[in-house]
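Coordinates in review
The lines below spell out each chain.
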Amino acid sequence: MIADNIKLVKNDIDIHCSKSGRSSQDVTLIAVSKTKPMMMILEAYEGGQRHFGENKVQEIKDKQPLMPDAKWHMIGHLQTNKIKYIIDKVVLIHSVDSYKLAEAIHNEAKKRGLVMDILIQINVAEETSKFGISVPDVESFIREVARLENLKIKGLMTIAPYVVDAEENRPIFRKMKDIFIDIQNKNIDNVDMGILSMGMTNDYGVAIEEGSTMIRVGTGIFGIRN
Ligand SMILES: *Cc1c(COP(=O)(O)O)cnc(C)c1O
């Protein structure tokens, strides 16, 4: 039962929050519904789930109109020519990883007279991920993107590698939190560091303990994907 899985994840959120002296209210659960049919997604919705994550433009296009009142998150790699299909359907784009993409989102947002909330994807575990800004470039990248007035930088996102023991990812999450605080302290115009999107089915407990404010859980809610 999907609603039961959500309850279990929420219970875990409570446990890891209290373990680290945080409030569960500071952690948003995004149900990652990629590849999953509407029937399952509706079950989650009826169980009270409101935030959903997808990594393909086509799936957002198909699913969002069926549940307009849910909050959709673009968490996957985004091609510039597809921004126009989702910019008015998602509340947050987690995966901004190049200036070209940031500029293209800005241009589309400007055309429509809106301001798009984005996260900057960081590549902390360089060897395992193709996408994301590398750590030494983060500050200068954020300063550049912050000049695009139809974007609002809301925080950072990372995809940690798949590991058997979640503890192995703790240094990655800790590093992310350090970068997050560092950028926050710089008080850059148009940057509002509030969201730290990190932690997936396998490692969200550790991510929460290290300061995650948004966890993206797919398998743990909807079961394994084909
Ligand atoms: C698929 C995906 C997730 C969810 O992964 P699970 O291991 O199934 O929880 C989280 N974030 C991103 C960016 C994804 O693509």
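One structure accompanies this document, and this report is about it. The shown structure was predicted, so the numbers you read here are calculated from the model rather than taken from an experiment.

**Focus: the overall build of the protein**
Scanning the protein for helices and strands turns up nine helices and nine strands. Computed over its C-alpha atoms, the radius of gyration of the protein comes to 17 Å, within 12% of the 17 Å expected for a compact globule of 226 residues. With the C-alpha coordinates of the protein rotated into their principal frame, the extents come out at 45 × 40 × 30 Å. For the protein, the proportion of its 226 residues judged to be buried stands at 50%. For the protein, long-range pairs separated by at least 24 residues make up 59% of all intrachain contacts whose partners lie at least 6 apart in sequence. When the accessible surface of the protein is split by element, carbon and sulfur atoms take 49% of a total near 10700 Å².

**Considerations on unusual backbone geometry**
Non-glycine residue T35 carries a positive phi angle of around 70°. Here T35 lies in the loop between β1 (28–32) and α2 (38–46). At N187, a position not held by glycine, the phi torsion is positive, near 45°.

**Some points on the nonpolar core**
Residues F52, I105, I120, I142 and L156 are the most contacted members of the largest nonpolar core, which totals 67 residues. Here this core gets six residues from one element, more than from any other, and that element is helix α7 (residues 170–185). Filtering out sequence-adjacent residues up to four positions away, I142 remains in contact with I120, I153, L156, I183, I188, V191 and M193. In this structure, I30, L92, M157 and I195 belong to the second largest nonpolar core, which totals six residues.

**Focus on the pattern of salt bridges**
Working definition: two side chains of opposite charge can pair if their charged atoms are close together. One pass over the full model with this rule turns up 16 salt bridges. R170 serves as the salt-bridge partner of E210, at 2.7 Å between the closest nitrogen and oxygen. Of the two residues, E210 is situated in the loop between α8 (204–209) and β9 (214–217) and R170 in helix α7; the sequence distance between them amounts to 40 residues. Per residue, the accessibility class of E210 equals that of R170, and both read buried. Close ionic contact of E210 with R174 constitutes a salt bridge, the shortest N to O distance being 2.9 Å.

**Notes on the site of the ligand**
Around the ligand, a shell composed of V32, K34, I75, I159, M200, T201, R216, V217, G218, T219 and R225 is seen. At 2.8 Å, a side-chain N or O of R216 approaches a nitrogen atom of the ligand. Contact between the ligand and G218: an oxygen atom at 2.8 Å from a main-chain N or O atom of the residue. Split into classes, the residues belonging to the shell around the ligand amount to five nonpolar, three polar and three charged.

**What to know about the environment of I105**
Here I105 shows up in helix α5 (residues 99–111). Sequence-distant contacts of I105, defined by excluding residues within four places in its chain, comprise L78, I83, I87, I93, V96, M116 and L151.

**Points about the pairing of strand β2 (residues 51–54)**
Alternating residues of β2 divide into H51 and G53 and F52 and E54, and every residue in both groups is buried. Two elements, β1 and β2, share two bridges in a ladder whose sense is parallel. Across the sheet, the residue bridging to V32 is G53, located in β2. Taking the sense of rotation as the criterion, the β-α-β connection linking β1, α2 and β2 turns out right-handed. Bridge count between β2 and strand β3 (residues 71–74): four bridges; the pairing is parallel. Opposite G53, over in β3, you have H73 as the bridge partner. As a crossover connection, the stretch from β2 through helix α3 (residues 57–63) into β3 is right-handed.

**What to know about the packing of aromatic side chains**
For the structure on display, the rule yields one aromatic pair. The ring of Y45 carries R50 above its face, with NZ or CZ at 3.6 Å from the centroid.

**What to know about helix α6 (residues 138–145)**
Regarding α6, the residues found buried are V138, F141, I142 and V145. When α6 is viewed along its axis, its buried side chains cluster within an angular range of 95° and face the same direction.

Conventions we followed
Residues numbered from 1 in each chain as written. Predicted model: local features only at pLDDT ≥ 70, side-chain atom pairs only at ≥ 80, totals over all residues. Heavy atoms only, no water. Helix = DSSP H or I, 4+ residues; strand = E, 2+ residues; numbered from the N terminus. Rg over C-alpha atoms; globule rule 2.2 N^0.38 Å. Buried < 20%, exposed > 50% of the residue type's maximum accessible area, 1.4 Å probe, protein only. Contact = heavy atoms within 4.5 Å. Areas by Shrake-Rupley, 256 points an atom, 1.4 Å probe, with all protein chains shown as cover. Core = buried A, V, L, I, M, F, W, Y, C linked by side-chain atoms within 4.5 Å. Salt bridge = Lys/Arg side-chain N within 4 Å of Asp/Glu carboxyl O. Near = heavy atom within 4 Å. Polar contact = N/O pair within 3.5 Å; in protein donor to acceptor, adjacent residues only side chain to side chain. Nonpolar A, V, L, I, M, F, W, Y, C, P; charged D, E, K, R; others polar. Pairing = 2+ DSSP bridges. Right-handed = clockwise from strand over helix to strand, strands pointing away. Phe/Tyr/Trp six-rings, centres within 6.5 Å; stacked < 30°, edge-to-face > 60°. Lys NZ or Arg CZ within 6 Å of the ring centre and 35° of its normal. Arc of directions from axis to C-beta.

Worth remembering: the numbers are spatial, not functional.
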